[in-house]
Structures are given as C-alpha cells and as structure tokens.
Amino acid sequence: MIATPDRTPLPREFFDRPVLEVAPDLLGRILVRTTPDGPIALRLTEVEAYDGPNDPGSHAYRGRTSRNDVMFGPPGHVYVYFTYGMWHCMNLVCGPVGRASAVLLRAGEVIEGAELARKRRLSARNDKELAKGPARLATALGVDRALDGTDACTTGETPLRILTGTPVPADQVRSGPRTGVAGDGAVHPWRFWVANDPTVSPYRAHTPRRRRS
C-alpha cells in the first residue's frame, strides 16, 4: 500500500541549510502552484544545486545583480530567470541571507491538475513529459518572472508552496554532472534525481553555441 504524501508545508528552516544538503532532500517533495483556474501539484524528481560564489556555474558567481538579487535574499523564496529569449526556469533559494545559493527544479511528476498542465504543454506526448526539464516544468505550472521573489514558505496565501510529500530514500537518489554547465562547474556532480523515474530529463553535456557567419 502506497502511503499518502504528507501535505504539511516545508518550514523555512528546511531551506536554511547548505545547498548540497537541501537539493537531494527536495526529491519527493510536492510543489503546488495555485492559479485562478485551479491548483497544479507535482512531485519533484530531479534538481540541480548551485552554490553561489563557490560555483562557476551559478548566476551569482560574479556577484549580485538585478537579475539574481533574489538569490541573496531569505531562504525559501523563488528565483525565476529567463533564458535563451524564450524559456523560464524556477529555483528555490537556500542558505543564510547573503549566501546566494539555490536549487534549480529540473523535473517532476504532475500528480494533480494534469488537465491544466496539458493546456500549457501541448507538445507533450504524454503526462510523463509535462514537466520533464526545467523549462517544461515552469511552462506546465505557468511560472514566469512575475513570480520571481515569491515566498514559498509563507503562512499566508502564496501562488507557490512546497509541501513535505514523501522524501526519497537515499538508496534511490542518484547524482551526476549538471546538464549544460560549462567550464570548471561542469565537473561538479550536483544534479540529483530519483533512480529509474520516467519523468527525469536526459543528461546533456554543454555544447558551445555556434556563431552565425
């Protein structure tokens, strides 16, 4: 018999830890997106850790900017960025104020509100692909820069919240290099995923973008 996932919200203290502790511990947790059309919930199955000034792959490696400002704020807040001129990606801020570490939410299994997610992800061939990749996850949930800075740990109303869910046992967690990271940051095994889960995205090494001639 499968246990019912715990719907208790994760406290801020959960995120006020080193990012390499928080990232694998997010697997199996439930992300809830509240929209005017209804809620969408997904079980997190893949994440990546980004460790601020210690990490060449992090947006905060070279310091604070208007784009990454939320990463320096309180833990448990949402950092959303726009990439390649077309996609949004969602992160959860970790560690103490000023530390600038965050976890990228790479993939998940939609467990509630799939009909709403399908309307946003018309190209998905099946429900396993609805949130299979960070841009697809954000698209399925209707996440954009307007949600940058959202407090996912508030006790009040919020469009995004993280629930306790069912943590994944350590023997079912896998780790490896992060997808698409170049340079010194490419060697860090800071991508974590649930073993054999069909919603996990495929690994892709960094490929330099070709300049147009």
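Let us look at the structure shown here.

Quick notes on the rules
- Position numbers for residues count from 1 along each chain, tracking the sequence in the order it is written.
- Since the coordinates come from a predicted model, pLDDT governs what is reported: local features require at least 70, and pairs of side-chain atoms require 80 or more to be given and counted, while whole-chain, interface and lining totals use all residues.
- The basis for every side-chain value is the complete set of non-hydrogen atoms in the structure, without hydrogens or water.
- Ring pairs are drawn from Phe, Tyr and Trp, using the six-membered ring of Trp, whenever the two centres fall within 6.5 Å, and their geometry is named by plane angle: stacked under 30 degrees, edge-to-face over 60, tilted for the rest.
- Type-normalised accessible area, obtained with a 1.4 Å probe on protein chains alone, sets the label of each residue: buried when under 20%, exposed when over 50%, and partly exposed for intermediate values.
- Consider the ring centre and the ring normal. A charge sits over the ring if Lys NZ or Arg CZ is within 6 Å of that centre and within 35 degrees of that normal.
- Secondary structure elements are defined from DSSP: runs of H or I of at least 4 residues count as helices, runs of E of at least 2 residues count as strands, and each element is numbered from the N terminus.
- Whether two strands pair depends on DSSP finding at least two bridges between them.
- Here a residue-residue contact requires only that any non-hydrogen atoms of the pair lie within 4.5 Å.
- Criterion for a salt bridge: a side-chain nitrogen of Lys or Arg within 4 Å of a carboxyl oxygen of Asp or Glu.
- When two cysteine sulfur atoms lie within 2.5 Å, the pair is treated as a disulfide.
- Here a polar contact is taken to be a pair of N or O atoms separated by no more than 3.5 Å, where protein atoms must pair a possible hydrogen donor with a possible acceptor and residues adjacent in sequence count only if both atoms sit in side chains.

Things to note about the packing of aromatic side chains
Phase 1 of the analysis: A full pass over the atoms with the stated rule returns 2 aromatic pairs.
Phase 2 of the analysis: Between Tyr-79 and Tyr-81, the aromatic rings sit 5.7 Å apart at their centres with planes inclined by 40°, giving tilted as the arrangement.
Phase 3 of the analysis: Of the residues examined, Tyr-81 reaches a relative accessible area of 12% and is grouped as buried.
Phase 4 of the analysis: In this structure, Arg-17 packs its charged tip against the face of Phe-14, placed 4.6 Å from the ring centre.
Phase 5 of the analysis: Its guanidinium or amino end placed over the ring of Trp-193, Arg-191 lies 4.2 Å from that ring's centre, counting from NZ or CZ.

A closer look at the pairing of strand S2 (residues 30-35)
Phase 1 of the analysis: Within S2, 5 of the 6 residues are buried, leaving the element largely enclosed by the surrounding structure.
Phase 2 of the analysis: Inspection of the sheet shows S2 paired to strand S3 (residues 38-50) by 6 bridges, in the antiparallel sense. Residue Thr-34 lies in a different strand from S3, and its bridge partner there is Pro-39.
Phase 3 of the analysis: Adjacent in sequence and paired antiparallel, S2 and S3 are bridged by 2 residues.

Brief notes about helix H4 (residues 134-141)
Phase 1 of the analysis: For H4, the buried fraction is high: 6 of the 8 residues fall into the buried class.
Phase 2 of the analysis: Considered for burial, the residues of H4 that qualify are Pro-134, Ala-135, Leu-137, Ala-138, Ala-140 and Leu-141.
Phase 3 of the analysis: Where H4 is buried, its residues touch S2, S3, strand S5 (87-94), strand S6 (101-112) and helix H3 (114-120).
Phase 4 of the analysis: A positive backbone phi angle near 70° is found at Gly-142, which sits one or two residues after H4.

Re the pattern of salt bridges
Phase 1 of the analysis: Enumeration over the complete set of coordinates arrives at 15 salt bridges.
Phase 2 of the analysis: Taking the shortest distance from any N to any O, the salt bridge between Arg-43 and Glu-109 comes out at 3.1 Å. With Arg-43 in strand S3 and Glu-109 in strand S6, the pair connects residues that are 66 residues apart, well separated along the chain.
Phase 3 of the analysis: Given a relative accessible area of 22%, Arg-43 falls into the partly exposed group.
Phase 4 of the analysis: Linking Arg-145 and Asp-148 is a salt bridge whose minimum nitrogen-to-oxygen distance equals 3.4 Å.
Phase 5 of the analysis: What makes Asp-148 partly exposed here is its relative accessible area of 22%.
Phase 6 of the analysis: Where salt bridges share partners, they join Glu-46, Glu-48, Arg-106 and Arg-191 into one cluster.

With respect to the state of the cysteines
Cysteine pairs can be covalently joined through their sulfur atoms, and such a bond is termed a disulfide.
Phase 1 of the analysis: Tallied over the entire structure, the rule returns 0 disulfides.
Phase 2 of the analysis: Free cysteine Cys-94: the closest other cysteine sulfur is in Cys-153, separated by 9.8 Å.
Phase 3 of the analysis: Residue classification places Cys-94 among the buried positions, given a relative accessible area of 0%.
Phase 4 of the analysis: Overall, Cys-153 belongs to the buried group, its relative accessible area being 13%.

Quick look at the side chain of Asp-55
Phase 1 of the analysis: By the element assignment, Asp-55 lies in the loop between S3 and strand S4 (78-83).
Phase 2 of the analysis: A relative accessible area of 0% means that Asp-55 is categorised as buried.
Phase 3 of the analysis: A polar side-chain atom of Asp-55 sits 2.9 Å from the main-chain amide nitrogen of Gly-57.

Comments concerning the environment of Leu-92
Phase 1 of the analysis: Here Leu-92 lies in strand S5.
Phase 2 of the analysis: Residues Leu-92 and Arg-121, 29 residues apart in the sequence, show an inter-C-alpha distance of 23 Å.
Phase 3 of the analysis: Apart from the residues lying within four places of it in its own chain, the contact partners of Leu-92 are Phe-15, Leu-26, His-77, Val-78, Ser-101, Ala-102, Val-103, Leu-105, Ala-152 and Ile-162.

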